[in-house]
Amino acid sequence: MREFIGYEIIQKISRSESIEIYRVRESVTEKKYVIKFVASKQNSNQHLFHLRNEYKILKLFGSDHIVKPYDFQNQKDGYCLIMEDGGISLKEILHRKKTLSLQQFVAYAIEITKGLADVHKNKIVHKDIKPSNVVIQENSDSTIKLIDFGISTRLKREETGWKSVNILEGSLPYISPEQTGRVNHSIDYRTDFYSLGVTFFELLAGNTPFETNDPIELIHSHIAKSPPKIHEVRTDVPEIISKIIFKLMEKDPEKRYNSAFGIKHDLEKSLELLGSSNTNGKSFRLGKKDLNDVFKIPQKLYGRSEETSRLISIFDQVASGSAKLLLVSGYSGIGKSAFIHETHKPITEKHGFFIQGKFDQFQRNIPFSALLIAFRELMHFLLAETEDSLNHWREELDFALGKNAQVLIDVIPELELIIGKKLPVPVLSPAENQNRFNLTFQNFISVFNKKEHPIVLFIDDLQWADISSLSLIKLIMTNSDNKYFMIIGAYRDNEVKTGHPLLKTVEEINKSGLEVENIRLNPLTMDNIQELISDTFDTKQGVEQLAEILIQKTGGNPFFIGEFLKSLYKAEIIDFNYKTNEWQWDSNNIHSYGITDNVVDLMVKNIRNFPENTSKILSLAACLGNQFDIKFLSIISELSYKDLIDFLWPAIEEGVIIPIGNAQSILQAVREEAESIDMIELEKSKIRFQHDRVQQAAYSLIDDRKKKEVHYKAGISILAKVSEEEKGEKLFEITRHLNEGRDLISSESERIRLVQLNLQAGQKAKLATAYESAVNILLTAKDLLKEEDWDSQYSLVFSLHTNLIESFYLSDDLEQSQKLLEYCYVM
């Protein structure tokens, strides 16, 4: 039996594998409390973080509608959060009563909404509103209180990606569409309104709107199916209450209420109607007092309806067994990624997979980089599945890969976590090695390429793809066995000119008989921009004049429009007038405000507005790439994790950089100096730049000489502080940094070491059949050589030239291969 020092257990309220909740009585005062307990013996760093996060957040409130915290203690074999006893949950009341009376429902709903208003007033998003997280002292007039803030966030916006249903934050029956990671919208305070709508529905109907034991079907219902109308489910419910609940549960957050105050007003009006003798036919306009005073640009797509219909139609063909390659083109910032994410809904409906990778303009030496990012992401998805599901995938992969499994483990290390260690593969001739790699990769694809779960692979920034990646894409798409497989590639068509390798690859795929689909996204029109402004500020006044300025400054580029409006808001040129309850601006002030018509210059200005330490760290991070590891940024910045994350936090709060996966909760735990932080998870935490233009702007803040110093220092630091295993995994990254700063080499030993590292990287690329990448890397090594190295470093130089000759030959450059061979004979 669990014991707590100084407390007597009255009741065990609930218990799971990781968290136990008890009602207790303090020994001295005999006052009742609730204790939430996480056992330290459990592998429960995440649960401990949630417990500490709840304590920190509860301390921010002074509201009667939020349960009060009293202490956070380390007791014997675990940690406990001691809170006031708020009473029993509405879920428990529902178990007994099945449903609430109309009068009781509206009274409770108003109190719950007051609590939620207090939560949002403190800039907190709860993220888990449901009947079991609402408590009340039964048989008394005590106020309803909200509980369970473990996964709540203090960020005004959170990004979530395509995850296994087993690791989604929130409770599936109540989760908002955006919390599923399968819609084109980040999480903000309005996610709580959706969950509130589901809660209200259950209080009246006795069940949630979507009832199924299949989690994928439940998610699809949240993102795509209309809920039943509660007045049709329960005939005594007035239609006006049904409309309130339906508005709360709108799929698009932009169509929900803007504020808890607006919800409360409409509920109070409904209560007045219930007090009248006849409620039939009585109604009022919803949202009359719903203030739109929070600056937020809608995340819906404007001017893309025809393109979206075509995109969904192409995926439907894939789901029917017809493989497709779709290329989406347009300028940087035109909204290609957001457009492609519109596939999430139909993919979820078909129980499919969506994985994505991105080529980086500063990491073009890494072969297959975007493809490997995507498939490593898929492995992480599988690792989060249930044990039964994971065993299924293990058997499928073992059977498909057989004795050649190590070929893929070498490039997708996470695969080993699923299928275990495998024997090394025999050394083959280069041609045989390429055939083996191609066959093994095709077998790997075949595991996921099934009618039961079609797969969509999104590859961003194809204009920066290496030739090896393009060849692999061609191999995948020209394989007639791939039927339920779709590749969507996005690229900047203004950077892809005649003769570009991408165009050559597309031509070859078309000749194979597979027609490549193309969609080009154009800038927004004047009408599109006016609609965006009208939706953002909930007004028709002054929209045309502002739209004219925006189209003149931005050329109709959606990303630039968003950044332009943010700058005007931060400069208080656009602001909310609480006297008139409307947004206001002066077009003349906007004209005279010194905002550049270049998006990178605007982003540079925004980055410089951060604290100096934040700006400097963002510039260092930009050197690492569009996506960077906390561990390696800490190494090159020579900062502790705590200081580093403190410096990054203002940029995270503004959404300029975005933590990936569960990185945000880990980083927040470090900021708060929480105990029992999982250092392995911390060091693996990744953050990405919001957009390439942001990274470009941060990178431009470093002058060219300083860039070389930063890159060289980064390479030296990472090389010195990583394990041999990590060195192999980070080899391309290490050589990239050192090569960028090779002009700073000050000794012969450093020069020779860099030649050796480039040789190793070239050999690794060649082994992975990325022959063009191998050529480029080995040519860099060759440029570092001196004539006398043939005498002093003969083995190294000979090996370098041998590998370069082979790589030229395997990449079909026979002329260069022959020339280098003749040169070696002379030497």
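Treat the numbers as computed from the prediction; the structure is a model and nothing was measured.

> In this structure, what is going on with the sheet that holds strand β8 (residues 145-146)? I would like to understand it.
Two modes of strand pairing occur in sheets, parallel and antiparallel, and in both the strands are linked by backbone hydrogen bonds. The three strands lie next to each other as β6-β7-β8, forming an open sheet whose pairing is antiparallel. Only two strands of the sheet have a single neighbouring strand rather than two, namely β6 (88-89) and β8. Sheet analysis places β6 next to strand β7 (residues 134-136), joined by two bridges and oriented antiparallel. Bridge pairing in β7 places Ser 89 opposite Val 135.

> Help me understand helix α25 (residues 630-637), please; the structure alone is not making it clear to me.
Side chains that are three or four residues apart share a direction in an α-helix, a result of its 3.6 residues per turn. The buried fraction of α25 amounts to eight of the eight residues, a majority that puts the element mostly inside the structure. Within the sequence span of α25, burial applies to Ile 630, Lys 631, Phe 632, Leu 633, Ser 634, Ile 635, Ile 636 and Ser 637.

> Is there a simple way to think about the packing of aromatic side chains in this case?
Here a ring pair, both rings aromatic, is described through the centre-centre distance and the interplanar angle of the planes. All chains considered together, the criterion is met by 32 aromatic pairs. For the pair Phe 537 and Trp 585, a centre-to-centre distance of 5.1 Å together with 50° between the ring planes defines the contact as tilted. Here Trp 585 lies in strand β15 (residues 582-585) and Phe 537 lies in helix α19 (residues 526-537), a separation of 48 residues in the sequence. Exposure remark for Phe 537: the relative accessible area of 2% places this residue in the buried category. Taken together through their ring pairs, the aromatic side chains of Phe 353, Phe 368, Phe 375, Phe 381, Trp 393, Phe 437, Phe 441, Phe 444 and Phe 448 make up a single cluster. Geometry around Tyr 257 places Lys 247 over its ring, the cationic atom sitting 5.2 Å from the centre.

> Which parts of the structure should I look at to understand helix α36 (residues 794-810)?
Taking 1.5 Å per residue, 17 residues should reach 24 Å; α36 reaches 24 Å between its end C-alpha atoms and fits that length. Of all the residues in α36, the buried ones are Leu 796, Val 797, Leu 800, His 801, Asn 803, Leu 804, Ile 805, Ser 807, Phe 808 and Leu 810. Asp 812, located one to two residues past α36, shows a positive phi value of around 70°.

> What's the story with the sheet that holds strand β4 (residues 69-75) in this structure? I'm lost.
In spatial order, the strands read β1-β2-β3-β5-β4; together these five strands make up an open sheet with antiparallel pairing. Two strands lie at the open edges of the sheet, namely β1 (7-15) and β4, each paired on one side alone. Strand-to-strand, the axes of this sheet are offset by a mean angle of 25°, without reference to chain direction. Looking at chain direction, strand β2 (residues 19-26) and strand β3 (residues 32-39) are connected through seven bridges and run antiparallel.

> Explain the packing of α25 against helix α26 (residues 641-653) here, please?
How two helices pack is summed up by the angle between their axes together with the distance between the axes. It is at 10 Å that the axes of α25 and α26 come closest, and there the two elements cross at 100°. With respect to α26, the axis of α25 lies roughly perpendicular. For the pair α25 and α26, contact is made by Ile 630, Lys 631, Leu 633, Ser 634 and Ser 637 and by Tyr 641, Leu 644 and Leu 648, respectively. Class assignment for the residues of the contact of α25 with α26 results in five nonpolar, two polar and one charged.

> Honestly, the pattern of salt bridges in this entry has me stumped. Any pointers?
A side chain of one charge can pair with a side chain of the opposite charge when the charged atoms of the two come close. Scanning all chains against the criterion turns up 56 salt bridges. A salt bridge links Lys 36 to Glu 54; the nearest nitrogen and oxygen atoms lie 2.8 Å apart. Residue Lys 36 is found in strand β3, and its partner Glu 54 is found in helix α1 (residues 45-58); the two are separated by 18 residues along the sequence. For Glu 654, the salt bridge identified is with Lys 570, shortest N-O distance 3.4 Å. With Glu 654 in the loop between α26 and β17 (657-659) and Lys 570 in helix α21 (residues 558-570), the pair connects residues that are 84 residues apart, well separated along the chain. Classification of Glu 654 by relative accessible area gives partly exposed; the value is 33%. Each of Lys 358, Asp 460, Asp 461, Arg 492, Glu 495 and Asp 692 takes part in salt bridges that share partners, so that together they form one network.

> Before we go on, may I ask you to explain the packing of helix α20 (residues 543-554) against α21 in this structure?
Between α20 and α21, whose axes approach to 10 Å, the crossing angle comes to 120°. Comparing the axis directions of α20 and α21 gives the class oblique. Of the two possible hands of crossing, α20 and α21 adopt the one that is right-handed. Listed contacts from α21 to Leu 546, Ile 549, Leu 550, Lys 553 and Thr 554 of α20 are Phe 560, Ile 561, Phe 564 and Leu 565. Tallied by class, the residues present in the contact of α20 with α21 amount to seven nonpolar, one polar and one charged.

> Help me out: how do you make sense of the nonpolar core in this one?
The nonpolar side chains of a soluble globular protein tend to be buried with one another. Of all hydrophobic cores here, the largest spans 180 residues; its most connected members are Leu 415, Phe 444, Phe 448, Leu 462, Leu 565, Leu 633 and Leu 648. Those residues within four positions of Leu 633 in sequence are excluded, and the remaining contacts are Ile 617, Leu 620, Ala 621, Leu 624, Phe 628, Leu 644 and Leu 648. Among the nonpolar cores identified, the runner-up in size contains 73 residues, and Val 38, Ile 175, Leu 196 and Leu 267 belong to it.

> What's the story with unusual backbone geometry in this structure? I'm lost.
It is generally the case that most residues other than glycine have a negative phi and that most peptide bonds are trans. Despite not being glycine, Asn 581 has its phi angle at roughly 55°, a positive value. With respect to the helices and strands, Asn 581 occurs in the loop between β14 (574-577) and β15. With a phi close to 65°, Thr 769 is a non-glycine residue in the positive phi region. Residue placement: Thr 769 occurs in the loop between α33 (748-767) and α34 (771-783). Assessed through its relative accessible area of 7%, Thr 769 is described here as buried.

> Help me understand a positive patch on the surface in this model?
A surface patch of positive charge is lined by Lys 269, Arg 285, Lys 288 and Lys 289. In this structure, Lys 289 sits in the loop between α8 (260-275) and α9 (305-319).

> So what exactly am I meant to see when it comes to the pairing of β1 here?
The two faces of a sheet get side chains in turn, since along a regular strand they alternate between them. One ladder, built from seven bridges, connects β1 with β2; its direction is antiparallel. Its bridge partner being in β2, Arg 15 is matched across the sheet by Glu 20.

> Looking at this structure, I do not really get the side chain of Thr 308. What am I missing?
Here Thr 308 lies in helix α9. Ignoring anything within four residues of it in the chain, the contact list for Thr 308 reads Leu 301, Phe 339 and Glu 342.

Cut-offs applied
- Residues numbered from 1 in each chain as written.
- Predicted model: local features only at pLDDT ≥ 70, side-chain atom pairs only at ≥ 80, totals over all residues.
- Heavy atoms only, no water.
- Pairing = 2+ DSSP bridges.
- Helix = DSSP H or I, 4+ residues; strand = E, 2+ residues; numbered from the N terminus.
- Buried < 20%, exposed > 50% of the residue type's maximum accessible area, 1.4 Å probe, protein only.
- Phe/Tyr/Trp six-rings, centres within 6.5 Å; stacked < 30°, edge-to-face > 60°.
- Lys NZ or Arg CZ within 6 Å of the ring centre and 35° of its normal.
- Expected span 1.5 Å × (residues − 1).
- Axes fitted to C-alpha atoms, helices over the stretch in contact; angles between N-to-C directions.
- Parallel < 35°, antiparallel > 145°, perpendicular 65-115°, else oblique.
- Contact = heavy atoms within 4.5 Å.
- Nonpolar A, V, L, I, M, F, W, Y, C, P; charged D, E, K, R; others polar.
- Salt bridge = Lys/Arg side-chain N within 4 Å of Asp/Glu carboxyl O.
- Left-handed = near helix turned anticlockwise from the far one by under 90°.
- Core = buried A, V, L, I, M, F, W, Y, C linked by side-chain atoms within 4.5 Å.
- Patch = residues over 30% accessible without salt bridge, like charges linked within 9 Å, V, L, I, M, F, W, Y side chains within 5 Å.
- Areas by Shrake-Rupley, 256 points an atom, 1.4 Å probe, with all protein chains shown as cover.
- Lys, Arg positive; Asp, Glu negative; His and termini not counted.
- Charge placed at Lys NZ, Arg CZ, Asp CG, Glu CD.

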